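A structural walkthrough
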Amino acid sequence: MSAELLVLVIVIVTALAFDFTNGFHDTANAMATSIATGALKPKVAVGLSAILNLVGAFLSVEVAATVAKGIVNLKGVGGQDLLLIVFAGLVGGILWNLLTWLFGIPSSSSHALFGGLIGATMAALGTSGVIWTAGKDAGVIGKVIVPAVLAPIVAALVAGIGTWLVYRITRKVKEKPKEEGFRWGQIGSASLVSLAHGTNDAQKTMGVIFLALVAHGTLSSKDSMPLWVMASCAVAIALGTYLGGWRIIRTLGKGLVEIESPQGFAAETSSAAIILTSAQFGLPLSTTQTATGSILGTGLGKPGAEVRWTVMGRMATAWLLTLPLSGLVGALCWWIAHMIGGLPGVLVVFAILIALAGYMYLRSRKNPIDTSNVNEDWEGGLTPPSELDVASESNSDSKSDSARPAKV
Amino acid sequence: MDTFTAILGSLGKVGAISLILGAGIPLVFAYGVRFWSMETAPAGAGQPAGRNQLGQALGILCFGIVSVAVIVGILYVSRDFIGHQFDLYILGAKKK
């Protein structure tokens, strides 16, 4: 296997890894509310979402050989240079996705990828490689910053009004039929969000892999998308979705607002409506920010509901840092790979990626969140109370064994 | 400045359509739940309350409207795919 081919394989593997993180990072957007209200059992929810993502991915047609079109200008570069930029950008995106997942914060996977690519492009070509502003739906301002700022506001407004109406109309309905009725509505609207996610997000990775194949010379940009690229991207995002991203699901379903099924339904319907229609009217709003804003809105719209603003503040901070930090990582990775040069450079960065990913996975095992504890009460933080008990028990065990009754 | 006004224009449209669909569908669905759970007055002491026929019919109508919206949503997501496979261009699908 030649060095060029090996680099191509590593880039494709990294792109699929990004697609996988994209899957589990965004499961919460569609399913957090259904899991929190008990409309669906956790495993059923992620299974349904995974299948819809898989189907959605195959609905993508005519994916172009582009990556972050309108955000970075990579027309002048080709071959190994282009592969290196794309690779460094992907690594930046993956690491930011993993870090935010570790802290249980929903953040846009697309923005993480854009950030990584912007950083790598700036390192390679200087600031001229980045399209900062170019009208209302291109450039960093129009495609990333404006949608990210507006999405939560529009979504919170729509979901807030929807929630208020729903509670107002059904205030005389008994609790049981109300809960049951809205559970069904919730499942329907959440499914629509999952399907749209598969179509939009898997398509982005397909574009990245296609671009890499063109850069390597395996394909020309006139070729059609090979089936194996579509299939592997579809499977990667579906597997990621099925894995679940329970830390983020917990934050969105339990942390931000305590959700009942009428609220979950209003939130998912608002998300679905905005995600499906905003692009049509020239202002595509970010999925993650829309979903988060919708859930926030249901907390504002239901009389007497509580919104945990500290949780919202942490998310907003993470959103502000997404572009700069994933960009910094992308730039550093490009620089390391470029300094070492060729295949060894790519291998070193790949090794760094694996080491950091492994480290974050191990850190996550200190307060694991899975189907068993994802819905526990939110008591001051992401870590479920049962895990806190375990931690404090093991601490006190070492201090005063005799003071505690023996466990049977 | 042009960009700013263009964004404001799009924002107005997106806001309006999102509000109509994103709050309108929950509104219809909520009426569905309310009608569906309507009960007739109990016939006598100790008798259980019966189902209200008119309520049931109106409930089904509301759920039907919501179902149509969901189906249109699914078709919208798959519009390009349908266009490609069946030469049927709906909901603004891109031509081949």
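Per the secondary structure count, chain A includes 13 helices and zero strands. What you see in chain A, going N to C, is helices and strands ordered as α-α-α-α-α-α-α-α-α-α-α-α-α. Taking 408 residues into account, the globule formula puts the C-alpha radius of gyration at 22 Å, and chain A, at 22 Å, falls close to it. The buried share of chain A, reckoned over its 408 residues, is 59%. Considering only contacts in chain A between residues 6 or more positions apart, those separated by 24 or more positions represent 84%.

A few words on the overall build of chain B. Scanning chain B from N- to C-terminus turns up three helices and zero strands. The helix and strand sequence of chain B, counted from the amino end, reads α-α-α. The proportion of buried residues among the 96 residues of chain B is 30%. Of the contacts formed within chain B by residues at least 6 apart in sequence, a portion of 29% connects residues at least 24 apart.

In this section: the interface of chain B and chain A. Chain B puts 34 residues into the contact, and the matching count from chain A is 43 residues. Broken down by secondary-structure element, the contributors of at least two residues to the side of chain B that touches chain A are α1 (2-36), α2 (53-77) and α3 (79-86) of chain B. Counting residues per element, the side of chain B that touches chain A draws most heavily on α1(B), at 23 residues. Residue composition of the side of chain B that touches chain A, grouped by class: 21 nonpolar, 10 polar and three charged.

This paragraph deals with the environment of Val307(A). Residue and element names in this part refer to chain A. Its location among the elements puts Val307 in the loop between α10 (287-301) and α11 (309-340). Considered as a pair, Val307 and Leu296 are 11 residues apart in the sequence and their alpha carbons are 7.0 Å apart. Residues within four places of Val307 in sequence aside, it is in contact with Leu256, Val257, Leu296, Gly299, Leu300 and Met312.

Once that is clear, we can look at the confidence of the model for chain A. In this model, chain A carries an average pLDDT of 87, and 93% of its residues clear a pLDDT of 70 or more. Segment residues 396-408 of chain A is flagged for pLDDT under 50; beyond a separation of four residues in sequence, or across chains, it makes zero contacts in the model.

Further remarks concern the packing of helix α6 (residues 175-216) of chain A against helix α7 (residues 227-243) of chain A. Residue and element names in this part refer to chain A. Relative to each other, α6 and α7 sit at 130°, their axes nearing to 9 Å. One way to sum up the angle between α6 and α7 is to call them oblique. Handedness of the crossing formed by α6 with α7: right-handed. For the pair α6 and α7, contact is made by Gly198, Asp201, Ala202, Thr205, Met206, Ile209 and Phe210 and by Val229, Met230, Cys233, Ala234 and Ile237, respectively. A class-by-class count of the residues in the contact of α6 with α7 yields nine nonpolar, two polar and one charged.

On to α7(A). Residues and elements named next belong to chain A. Between its first and last C-alpha atoms α7 spans 24 Å; for 17 residues at 1.5 Å apiece the expected length is 24 Å, and the two agree. For α7, the set of buried residues is Val229, Met230, Ser232, Cys233, Ala234, Ala236, Ile237, Ala238, Gly240 and Thr241. On the buried face of α7, the contacting elements are α1 (3-37), α2 (42-58) and α6. Two residues or fewer after α7 comes Gly244, characterised by a positive phi angle close to 110°.

With that settled, the discussion passes to the nonpolar core. Formed by 148 residues in total, the largest nonpolar core has its most connected members in Val86(A), Ala212(A) and Cys233(A). In contact with Ala212(A), not counting residues within four places along its chain, are Leu8(A), Val11(A), Ile12(A), Ala15(A), Leu83(A) and Val86(A).

This brings us to the packing of α1(A) against helix α8 (residues 246-255) of chain A. All names here are of chain A. With their axes 8 Å apart at the nearest point, α1 and α8 run at an angle of 45° to one another. Relative to α8, α1 is oriented oblique. Along this stretch, α1 crosses α8, giving a crossing that reads as right-handed. Within the contact between the two elements, α1 uses His25, Thr27, Ala28, Met31, Ala32, Thr33, Ile35 and Ala36 and α8 uses Ile248, Ile249, Leu252, Gly253 and Lys254. A class-by-class count of the residues in the contact of α1 with α8 yields eight nonpolar, four polar and one charged.

It is worth spelling out the environment of Ile237(A) at this point. All names here are of chain A. As for its position among the elements, Ile237 is in helix α7. In this structure the C-alpha to C-alpha distance between Ile237 and Leu82, which are 155 residues apart in sequence, comes to 24 Å. Ile237 has contacts with Asp19, Asn22, Gly23, Asn53, Ala57, Gly198, Asp201 and Ala202, leaving out every residue within four places of it along the chain.

Rules and cut-offs
- Residues numbered from 1 in each chain as written.
- Chains lettered and ligands numbered in written order.
- Predicted model: local features only at pLDDT ≥ 70, side-chain atom pairs only at ≥ 80, totals over all residues.
- Helix = DSSP H or I, 4+ residues; strand = E, 2+ residues; numbered from the N terminus.
- Rg over C-alpha atoms; globule rule 2.2 N^0.38 Å.
- Buried ≥ 20, exposed ≤ 12 C-beta atoms within 10 Å, placed from the backbone.
- Contact = placed C-beta atoms within 7 Å.
- Nonpolar A, V, L, I, M, F, W, Y, C, P; charged D, E, K, R; others polar.
- pLDDT = per-residue confidence, 0-100.
- Axes fitted to C-alpha atoms, helices over the stretch in contact; angles between N-to-C directions.
- Parallel < 35°, antiparallel > 145°, perpendicular 65-115°, else oblique.
- Left-handed = near helix turned anticlockwise from the far one by under 90°.
- Expected span 1.5 Å × (residues − 1).
- Core = buried A, V, L, I, M, F, W, Y, C linked by C-beta atoms within 7 Å.

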